Amino acid sequence: MIWSKNETLTRGEMESLQLERLKETVNRMYEKNEPYRKKMSEAGIRPEDIRSLEDLKRLPFTTKDDLRDNYPYGYFSTPKNEIVRIHASSGTTGKPTVVGYTRKDLETWTELVTRIAVMGGATKDDIAQICFGYGMFTGALGLHYGLENLGAIVAPASSGNTEKQIMYLKDFESTLLVATPSYALHIAEVARAMGIDPAKDLKVKTGLFGGEGITESMREEMYRLWGRDMKVTQNYGMSELMGPGISGECLELQGMHINEDNFIPEIINPETGEVLPAGEEGELVISCINKEGLPLIRYRTKDITRLVNEPCKCGRTTVRMESIKGRSDDMLVIRGVNVFPSQIEEVLLKVSGIGPHYEIIVDRVNHLDNIEIKVELCDDNKLDLYSQLTALEEEIKHKLRVVLGLSANVKLVAPHSLRRFEGKAKRVVDLRK
Ligand code: DLL
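Counting from 1, residues in each chain are numbered in the order their sequence is written. Only residues with pLDDT of at least 70 get local features here, since the model is predicted, and only at 80 or more are side-chain atom pairs given and counted; chain-wide, interface and lining totals rely on the full set of residues. Derived side-chain values reflect all non-hydrogen atoms in the structure, with water molecules and hydrogen atoms excluded from consideration.

1. Observations regarding the packing of helix 7 (residues 181-193) against helix 9 (residues 216-226)
- The geometry of helix 7 relative to helix 9 is characterised by a closest axis approach of 10 Å and an angle of 30 degrees between their N-to-C directions. Here helix 7 is positioned roughly parallel relative to helix 9, judged by the angle of their axes. Classified by chirality, the crossing of helix 9 by helix 7 is left-handed. Mapping the contact onto sequence places P181, S182, A184, L185, I187, A188, E189 and R192 in helix 7 and M218, E221, M222, R224, L225 and W226 in helix 9.
- When residue character is reported, Ala, Val, Leu, Ile, Met, Phe, Trp, Tyr, Cys and Pro are called nonpolar, Asp, Glu, Lys and Arg charged, and the others, Gly included, polar. Taken together, the residues of the contact of helix 7 with helix 9 sort by class into 9 nonpolar, 1 polar and 4 charged. To obtain an axis, a line is fitted to C-alpha atoms, over the contacting stretch when the element is a helix, and the angle between two such axes runs from 0 to 180 degrees between their N-to-C directions. A helix here means a DSSP run of H or I that spans at least four residues, while a strand means a run of E at least two residues long, and both kinds are numbered starting from the N terminus. Under this scheme an angle from 65 to 115 degrees is roughly perpendicular, one under 35 degrees roughly parallel, and one over 145 degrees roughly antiparallel; angles in between are oblique. In this scheme the crossing of two helices becomes right-handed for a clockwise turn of the near helix relative to the far one and left-handed for an anticlockwise turn of less than a right angle. Residue contacts are counted whenever heavy atoms from the two residues lie within 4.5 Å of one another.

2. So, the state of the cysteines
- By disulfide we mean two sulfur atoms from cysteines, separated by a distance within 2.5 Å. Scanning the entire structure with this criterion turns up 0 disulfides.
- We note that C312 lacks a disulfide partner, and the nearest cysteine sulfur, in C314, lies 3.6 Å from it.

3. Let's talk about the environment of V113
- Topologically, V113 is positioned in helix 4 (residues 103-119).
- Taking the C-alpha atoms as reference points, V113 and N235, 122 residues apart in sequence, are found 9.5 Å from one another.

4. A closer look at the domain arrangement of the protein
- Bear in mind that the domain bounds are from an automatic or database domain assignment. One can read the domain layout of the protein as domain 1 (1-328) and domain 2 (332-430).
- Inter-centroid distance (C-alpha atoms) of domain 1 to domain 2 is 31 Å.
- Across the contact, 19 residues belong to domain 1 and 13 residues belong to domain 2.
- For any pair of parts, buried area is found by adding up, for both, the accessible area (1.4 Å probe) each one loses once the two are put together. Between domain 1 and domain 2, roughly 1300 Å² of surface is buried when both sides are summed, and carbon and sulfur atoms account for 54% of that area.
- The term salt bridge refers to a pairing of a side-chain nitrogen on Lys or Arg with a carboxyl oxygen on Asp or Glu at a separation within 4 Å. The tally of links from domain 1 across to domain 2 stands at 0 salt bridges.
- Polar contacts, as counted here, are pairs of nitrogen or oxygen atoms within 3.5 Å of one another; within protein the pair requires one atom able to donate a hydrogen and one able to accept it, and residues that are adjacent in sequence qualify only if both atoms are side-chain atoms. Our enumeration of links across domain 1 and domain 2 arrives at 2 residue pairs in polar contact (both at pLDDT 80 or more).
- If you tally residues by element for the side of domain 1 that touches domain 2, the top one is helix 7, at 5 residues.
- Along the lines of polarity and charge, the residues of the side of domain 1 that touches domain 2 split into 5 nonpolar, 10 polar and 4 charged.

Set out below in structure tokens:
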């Protein structure tokens, strides 16, 4: 089933819709968004200069810094009294980036997520258990409204408390699971440890996974644990642009279909900003063309991928993006939460008794991301005082939890025991790769 006719437009129809919406959005930005108007003026471009889709590349980029510099509401393109919801995502420093939605934006978001859910095999007969954290994260409420719109029964289980999740899965006879792929694998492992075989004893047949990437080996593991007949798809999104609803895999599993009537994708060279020819790998840049609250133009996602233009067997005509290969910045995605090493450094620098040398080790244990931070003490005498050492570790852990929104293990180590670097310090060791 295909949810919307806009997923099957001819190229000509899609491009004329995109151009019409792009012009409207650029006009809106020019009139209502002062920081972007300034950027356009600096680039010597006015709304009437946008005559074809080719002209998109003349428009200036938008970055996370633009949102951060105008924190919290300065980048909205609608008067604040028309905004009915805000979400937030972590920024490179302590402050998050804030996203605002008008009522119409919420309706659009719902529609786009419904498309993604249908692409991944969801139906109105599903009982959908949502295991994303409800809160400022866009994942939970995004999928929630999309699946309700489809007519499925939605169970807002949120994340964590895995044994209870398994009880819900069993008792509610949930048929569809929404989670990060790593959490879905973890749930299956815990279920098995409880003597429940997810493939036989649970009814989950569809997994809509997102917020982080799914590798082919994770997908294989998903089939092994949840059953060979499970429909395993991933979808992609980003808070600043909307949340989930940007793109998703159909059951052909040949890349994620982009909701192109709402988002125009480009691939650029992350070093030079130059637009790359069709089919080349580079940084994904997205322009929102159907939003009111926060329509970002040429937003640099920092995610590395490639676009696929060939027709898909499912019948959708939209451009697809391949699985994300990595990022062009140093952002880590840990259990679906975005973490910048600079956020960790900022916390550590404010704690007395520890030095400036630290190492961040990210690993995957029992399918769950684990983050450990080793920090050097200033003074080795502390190493002998167990109670002081644990109190300091707890203090750092607490401060990190407040800033990152997730718990990290902290290990204090002797002065001068961590690696030193002659060039750029390599502070992050990501063992998941
Ligand atoms: O993760 C939105 C989302 C929620 C999408 C739930 C899908 C499902 P943020 O918290 O702002 O938003 O994080 C966005 O997460 O730039 C990617 O680096 C990463 N990411 C999200 N989905 C995928 C995916 C949500 N399917 C950042 N594959 C993005 C790889 C993904 N990375």
